[in-house]
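Each chain, letter by letter, is given below.
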Amino acid sequence: VCVLHQNFRKGALSGCAMSEQSAKQAPAAVQTCVSCTKTLNGELAARYGASLIQEAIAKNGEANIILATGASQLEMLQVLARQPVDWSRVTCFHLDEYVNMSSDHPASFVGYLQQRFASLVQPPLRNFHFVNGQSDPTEECRRLNAIIQSVAIDVAFIGIGENGHLAFNDPPCDSATKQPFIVVTLDEACRRQQLGEGWFPTLADVPTQAISMSMHQILKSKHIVCTVPDSRKATAVKACVEGSVTDSMPCSHLQTHPSAVLFLDKVSDVDANQKNRASSVSGKVRMPRLLFFTECRSTAFSEMILPRVSLSLS
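Report follows, based on the coordinates. Residue positions are counted from 1 within each chain, in the order its sequence is given. Only residues with pLDDT of 70 or above have their local features reported here, since the model is predicted, and side-chain atom pairs are shown and tallied only from 80 upward, although totals for entire chains, interfaces and linings are computed over all residues. Processing note: side-chain calculations cover all non-hydrogen atoms of the structure and skip hydrogens and water entirely.

Section: unusual backbone geometry
Right, on to step 1. Of note, the amide linkage connecting Gln122 to Pro123 takes the cis form, showing an omega dihedral of -5 degrees.
Right, on to step 2. Working definition: helices are DSSP H or I runs of at least four residues, strands are E runs of at least two. Numbering for both runs from the N terminus. Considering the arrangement of structural elements, one finds Pro123 in the loop between helix 4 (109-118) and strand 7 (127-129).
Right, on to step 3. Cis geometry marks the peptide bond from Pro171 to Pro172, where omega comes out at -10 degrees.
Right, on to step 4. In this structure, Asn100 is a non-glycine residue whose phi angle is positive, near 65 degrees.
Right, on to step 5. Within the secondary structure, Asn100 is located in the loop between strand 6 (96-98) and helix 4.
Right, on to step 6. Backbone geometry at Asp230 places phi at a positive 85 degrees, although glycine is not the residue there.
Right, on to step 7. Along the chain, Asp230 turns up in the loop between strand 11 (223-228) and helix 8 (234-242).

In structure tokens:
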């Protein structure tokens, strides 16, 4: 395990070391980066994702991204919106919206993204293709599918649900469909998560259907930045990284992606909980306010992510 010290003020790296034996170990199928706090986890994910957007703009003159919502994305989106990106060259899509949901409802994902991202970025976005929950769901899927089918997605910012879902692809997910957006029925575990996060007053108020981006469309993205804090996600995270690829655990399909990075905090990482690695690091070192500690699970990943973060911080 490589313990990395990142100075946010200077973008300098120090104290990075890895034993020869650790360096020879094969990296996990899904690269993971474990931060000591939820706030720092979201910040690192945002800065890394922003560097990928900047890279796409430099290469293609534009970038296309996907955004997620929910409690897990709050810290990441807050930082992402402040990044030095030419947002006028960026087109956004998002993962899902409830059927029959108005954008002014407190639980609306459209309202969430308008308030927490689209209205904040400067210059304004080139375009944001919001999912209209009040339209006929079948017709809305057709409209969105016609737009996105010819678009190459550069970066998908996503999360993982307590039940392992990606977007609203609850288990068992339909990994076979090639349709970009589909109408799905939400399982009880998913609906209880929405209730538990405080988006609805009662379980009966949580919708039973949604328009969701499909597994196939998510996995078509060139890069995936997956931000998953909180201990309630630890079981799904373990299955995502260590389990077999199966529709009964939708997030396990991230193992098949060539550039998926999982950003965890120490309570969402099962290993950190069991072995207390992150706590032992922060417990021995008095952490200055501007010093960031993280663990990266492979040398290759360390070499890939840290220069990007350093550049975005300089």
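On we go.
Observations regarding the nonpolar core
Right, on to step 1. Grouped together as the largest cluster of nonpolar side chains are 49 residues, with contacts concentrated most on Ile53, Leu67, Leu80, Trp87, Val90 and Phe117.
Right, on to step 2. Looking at this core, the elements with two or more residues in it are helix 2 (38-60), strand 4 (63-67), helix 3 (74-80), strand 5 (90-94), helix 4, strand 8 (155-158), strand 9 (181-185) and strand 12 (260-265).
Right, on to step 3. With nine residues, the top contributor of residues to this core is helix 2.
Right, on to step 4. Here, residues are in contact when the closest pair of their heavy atoms is within 4.5 Å. Here Leu67 is in contact with Leu77, Leu80, Cys92, Phe93, His94, Leu95, Leu113, Phe117, Phe128 and Phe157, once residues within four sequence places are set aside.
Right, on to step 5. The nonpolar core is taken to be a set of buried Ala, Val, Leu, Ile, Met, Phe, Trp, Tyr and Cys residues, with the residues joined through side-chain atoms within 4.5 Å. Accessible area is worked out with a 1.4 Å probe on protein chains only. A residue is then buried under 20% of its type maximum, exposed over 50%, and partly exposed in between. Counting residues in hydrophobic clusters, the runner-up holds 36 residues, among them Phe93, Ile153, Met213 and Cys226.

Structural notes on the pairing of strand 3 (residues 31-35)
Right, on to step 1. The buried fraction of strand 3 amounts to five of the five residues, a majority that puts the element mostly inside the structure.
Right, on to step 2. Of the two faces of strand 3, the one carrying Gln31, Cys33 and Ser35 and the one carrying Thr32 and Val34 are both buried.
Right, on to step 3. Two strands are said to pair when DSSP picks up at least two bridges between them. Looking at chain direction, strand 3 and strand 12 are connected through five bridges and run parallel. Note that in strand 12 the partner of Gln31 across the bridge is Val261.

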